[in-house]
Amino acid sequence: MATFMKKSWREIIAAVATLAALIIVIVSGTTGFLAGNAINYPAIGLSILAVVALTADVALMIRGNKIAVEGMPSLRSIISDGLLIVSIASICAALAFLLVRRMPLVADIYFIPVNHPAAEDVAMNMTIAALVGYVIAVLLLIVESFMSRTSMSVKHDEAVQDSPAKK
Amino acid sequence: MASHSRIWRGITAIGALLLSLAMVAAVTLEMYRTSVDAALGTRSQRTVTQSTKNDKDTWNYQSSFKTAKEAYDGFKNFALKEGEETNVLLKNDNQALPLSKNAKITMFGVRSYAPVYGSSGGSIADGYSTVQITEAFKEKGFQINPSMLSAYESYFKGQKWTKPKFGSGLIPEYESITSYNNPHELSLNELKRLNPNYASEYKDYNDAAVVVVGRPAGENGDGYTPGQAGLADGVHTVTGNILSLSDEEMAIIHEAEANFKKVIVLVNSTNPMEIANLQDDANIDAIMWIGFPGAYGFYGVADTLNGTVNPSGALGDVFAKNSALAPAMANYGNIPWKNAHDFSEDAAVNSYLIQAEGIYTGYRYYETRYADIVSGRGGAQASAGTYAAADGTVATSDGTWDYNNEVTYPFGYGLSYTTFERKLNSVQVNGDKKSATASVTVTNTGKVAGKTPIQLYASAPYTQYDRDNGVEKSAIELIDFEKTDILQPGESQTIEMKVDLSVLASYDAKTAKTFIMDPGRYYFSLGDNVHEALNNVLSAQGIQPEMTDTVTNNQSSRTANSQSVVDDTVQQWDVDGDVDSVTFAVSKSGQKITNKLSEGDYATDFNAFQPGTVTYLSRSNWEGTYPHTYEGLEATGRLAELLGNDFIKLKKNEDTSDIKFGDKSSSLTINDMKGASYDDERWGELIDKVTLQEYLDFAANAFHAIGGMPSIGLPDMTSDDGPGGSDSHLLSEGQYQGTPYADGEKYNKATRVAPSPVNLAYTWNKELAYENGQILMGESTLVLNLPIMIGPAMNLHRHAYNSRGVEYYSEDPVLSGYTGSAVVQGAQSKGTLVNVKHLAFNDQEINRSGIAVFMNEQKARELELRNFQQAFEGNGQPASFSQDKNKDKRYGEGARGVMTSYNRIGAVAPSANRSVMVDILRDEWGFKGYNVTDFTSISLKAAPKESTLAGTVAFCGFGPQGIDYWTVEGLSGDRDMLLAIKQNLHYALYALANSAALNGVNSSTHTVNVMTSWRIGYIVALVVAGAMVLAGLAGYIISIMRARKGIIRGVKSHETSAGESIVEDHNDNSSVTSKERN
């Protein structure tokens, strides 16, 4: 488990950060100043997709040996990489949708910087918090994408399965 | 190979992030493209029109400027012209002024180096154009003491003028000395530290010491606060208020007095300053109010100081010894609702303002109380804290109210280098008693040429009926004004003034419930100022001159002006019979005028909600009714419901199938309606073509980029803030009839170059105001393609402490109303769709968004609304226009646009106050135009559905904020709402069709996007990021494929040699592991 955590911590933290951002997006979009506004379904949907993809990727790491196919050692990796790319793309898109949809809020405060309700400030601060969550997640995943991505157990199993010597 | 796949994977990830950011940038830049253009000096969209046979019809408004140079010169020349007329000479002992043209002067005060050129926010002076005070003075021939100058130069060394957060280019002010609680004057010790020899050349530059004192002003921030609370730590002032001079400023003045025989003080403030000590100081020879002169205004100041120009300005506000003692100040600032926390924060329920002073603001208070005292009608007794001591400080014990302790310079005051004799030849009241013709002759009796304002006042009787019915009456009121031409010595000019007597009518909310004229004797009076006009009336009434002459006796400086002869300056008019509640009971549009603000949901009188709460100031009992601060009021019942800004329920299921939107059966376009009257029958057909979604989008995004309506061919439009010119655009973006200026790039200058609106009002020159509207707003519209200009700003000066007063004209509804009306007429002559702002009652910046402003109906109608009314009815035509048919033939068509205020009117959002927005604005005043909110967006603070029902056409901002019903589905079930939208479309399209919004529009017209630098930037970013993603994915796939081939090769290798082989996963660790296992 420790090895697993050591290898997957970026994805786990990214998933948690995305989840946190998702919760903030939902809460800030449905309460306070933005209550009543159209719900930002794209950002929410993409965030959920990202969390699911990351979860699947982590699960794949745990159970990667079960789907590793003899003679095609890269399939697990390809699926894992695909999940990673999907999660990155989803988070980036969610971040974009959040930014675009909340930009008027920022502009409202920026252009007329006095006498706006504190609730508007709260909404903006929550938006910034959500953005920070997405940014942390995506940066971690970008780092992850440059790193070796197979857990030790999987590596072992794969190595055993895939090694020509075993044949 | 594994490391390759990782790299491609990483590139893909980075590309995805960059792509998303580039997309966000692209969307954001396009969304706020006009602001981006303003910030970067680009122009991202152009309207293209092909030439036709009827180009004259296409370009129905034509700019006077065909090149950027012509435009630059045109704006500059007008600013110079206005700058010469705005200065008000307040004191000129022993003819200290004018100075010689090459006088050697020493300039004192931090403001002598860094004066306030214009507003700090909201139509600021253009820093790119500004000629600094010292440069202007030197160019005009003055020789400035370099030693003193170097001290100030040292102080500001390394400091730069302010760059605003958005648009507006460059503010010619230093942030370090711009605040509302500290004048930031340098002490003598600081001067010594900056330049130990600062005083070394006093003797060489001793023709005069010129001291400049000033206070900044502008939008944003809370503005000025009276008393200790308004002073920064360590700041002490003469009267204890920030608007009087600080210890450091007085030390500078004393330094000048100690070392120079001639001391001249320039007052660089649009908030009336408390300068009685300067008036009384025999060592100060001259005082001149210069307000905020604008980018080139110090040329005019220099020319006035050296006598090239004879000063002809006059104060448009009273200068009190202690402005904080005006009765209006008893209720000012943050006075929170006791239960403010009970409300949704979105509704912006913060505080309230009970304007218990009634009609007695500005000179109406000081002159009326004075008149009552000298007439023996009471008013002399005053309680501690409500009147001024002789030195201008607050009297701390009960005593006697004395005009001389209250007023420094009365409304209308202003001296000249020559003398004038004024004669009121006659006043002929027309048979219907609605108007009169006054003939006035002015003769220059002095030795130099000059021009002067003609101030016509009237005094109406204050009767028992008035006392019984709570009708208040100012002892004297300005009813019209004109300005002479430049008169040579000995020359005379006679002007016929068409006087609208409705400005003299009083509103009786109790019995007649309309405007009334009392029976009795009326006096028409000329005066060099309001106090003199009143004294003339009092003398005509038999009040002994020694009792009346107060200001003139203690103002030896007034020797420059003529002393009025009572018989030549006063005419009387006797009205017999009962109280006349008929003559002014019907508006010019034919609407019956009756109570709208005294009861019901839209009342402005707080007593309508909580009877008996407020006692309004009455001249029948000055002492007993003097306002106190109304603190701790609680909003309950219907008042509380209204404050929530959600008080009309939206219906969901009404049958609205007969109300057409998006009808495609007609081929009519907005171009076919260019110049059409409001009553043109084709409007219905055109409006039916507009889809509901188009309207909702149009109404929801009325900031600087206003979307068009494709269904009727209405192009996208741009608008900008005024009132002093375009806030966001530069001449480098200019164009003439659709063709960009060839020389545009040489003129990175704005159009905000003229003196402040206060300065304009203080010229008392309607023709100049008309030209101001033509140039600053009208030409900004045509040169910069800005059909909608947010201005002029016309709220009254309720008191001296509103920092945004710089954008507004005056305390008086006639001076302000006629000045603003002339600006509107000038602007509309060039096609500007004006947004006269801020309707109504924007009396302070503190809590401006949401503050609930209450006053009785008499005050509302006789002051602020009467003021706005002039612009919406197109009143106040200059005498020269009515005598010359070749002048603007459309003068008199009222303003076609309005912007509402931030503050509530009564309990509700201003745009939702049906009484003001529909009953008065549209019905009584006949307004048919475009009504937009201030920057509220579609939010609860704008009460969008209630405002739509009250004729609001658009909401300034960025779309819905916290409002879920602003959709086709949300509104389609409410019949009243859809009918209101239809009506609002009619208002909006009529206003646009009669503006430059359709200038250059014909059947070929379309808008095209221009490839700007920022568009190139985001496109490149999109391409690069997109390429990264594609390259990353491609690289990854190739690397995987190669890896797989490698595996296969490896297997084959194993099969053939059974030797050492490396399984090459894309995971380099696994390869190691495999290797190990081998």
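What you see is a predicted model; the values in this text were computed from it and never measured.

1. Notes on the sheet that holds strand β34 (residues 930-932) of chain B
All names here are of chain B. One open sheet holds the three strands; their spatial order is β30-β32-β34, and the pairing between them is parallel. Edge positions in the open sheet fall to β30 (836-839) and β34, since each of these has one partner strand only. Taken pair by pair, the neighbouring strands of this sheet meet at an average axis angle of 25 degrees, ignoring direction. Relative to strand β32 (residues 897-900), β30 is paired through three bridges, and the arrangement is parallel. When the bridges of β32 are listed, Val836 appears paired with Val898.

2. A closer look at the domain arrangement of chain B
Residue and element names in this part refer to chain B. Domains assigned within chain B are domain 1 (1-44 + 1011-1041), domain 2 (87-312), domain 3 (357-383 + 416-588) and domain 4 (645-1008). On the side of domain 4, eleven residues touch domain 1, which itself brings nine residues to the contact. Taking both sides of the interface into account, the surface hidden between domain 1 and domain 4 amounts to around 860 Å²; carbon and sulfur atoms contribute 52%. The interface formed by domain 1 and domain 4 holds zero salt bridges in total. For the pair domain 1 and domain 4, the number of links is zero residue pairs in polar contact (both at pLDDT 80 or more).

3. Focus: the UniProt feature "transmembrane region" (unreviewed entry) in chain B
Mapped onto this numbering, the UniProt entry gives "transmembrane region" (unreviewed entry) at residues 1016-1039 of chain B. Here residues 1016-1039 of chain B is 100% helix and 0% strand, with 33 Å between the C-alpha atoms at its ends.

4. So, the sheet that holds strand β7 (residues 208-215) of chain B
Residues and elements named next belong to chain B. The sheet built from six strands is open, its strands ordered β2-β9-β8-β7-β3-β4 with mixed pairing. Both edges of this open sheet fall to β2 (88-92) and β4 (143-144), since each of them pairs with a single strand only. Summarising the sheet, β2 and strand β9 (residues 286-289) pair through four bridges and their orientation is antiparallel. Note on β9: the bridge partner recorded for Asn92 is Ala286. Taken strand by strand, helix α7 (residues 146-156) contacts β3 (104-108) and β4, and its axis lies near 30 degrees from that of β3. Sheet contacts for helix α9 (residues 247-259): β3, β7 and β8 (263-269); angle to β7, the most-contacted strand, approximately 170 degrees.

5. A short note on the pattern of salt bridges
Pairing is possible between side chains that carry opposite charge, provided their charged atoms lie close to one another. Residue and element names in this part refer to chain B. In this structure the tally under the stated criterion is 44 salt bridges over all chains. Put simply, Asp466 and Lys473 hold a salt bridge, and the shortest N to O gap is 3.3 Å. The same class applies to Asp466 as to Lys473, namely buried. For Lys945, the salt bridge goes to Glu946, with nearest N and O atoms at 2.9 Å.

Rules used in this analysis
- Residues numbered from 1 in each chain as written.
- Chains lettered and ligands numbered in written order.
- Predicted model: local features only at pLDDT ≥ 70, side-chain atom pairs only at ≥ 80, totals over all residues.
- Heavy atoms only, no water.
- Pairing = 2+ DSSP bridges.
- Helix = DSSP H or I, 4+ residues; strand = E, 2+ residues; numbered from the N terminus.
- Axes fitted to C-alpha atoms, helices over the stretch in contact; angles between N-to-C directions.
- Domains from an automatic or database assignment.
- Contact = heavy atoms within 4.5 Å.
- Buried area = accessible area lost by both parts, 1.4 Å probe.
- Salt bridge = Lys/Arg side-chain N within 4 Å of Asp/Glu carboxyl O.
- Polar contact = N/O pair within 3.5 Å; in protein donor to acceptor, adjacent residues only side chain to side chain.
- UniProt positions renumbered as here; feature names shortened; annotations may be inferred.
- Buried < 20%, exposed > 50% of the residue type's maximum accessible area, 1.4 Å probe, protein only.

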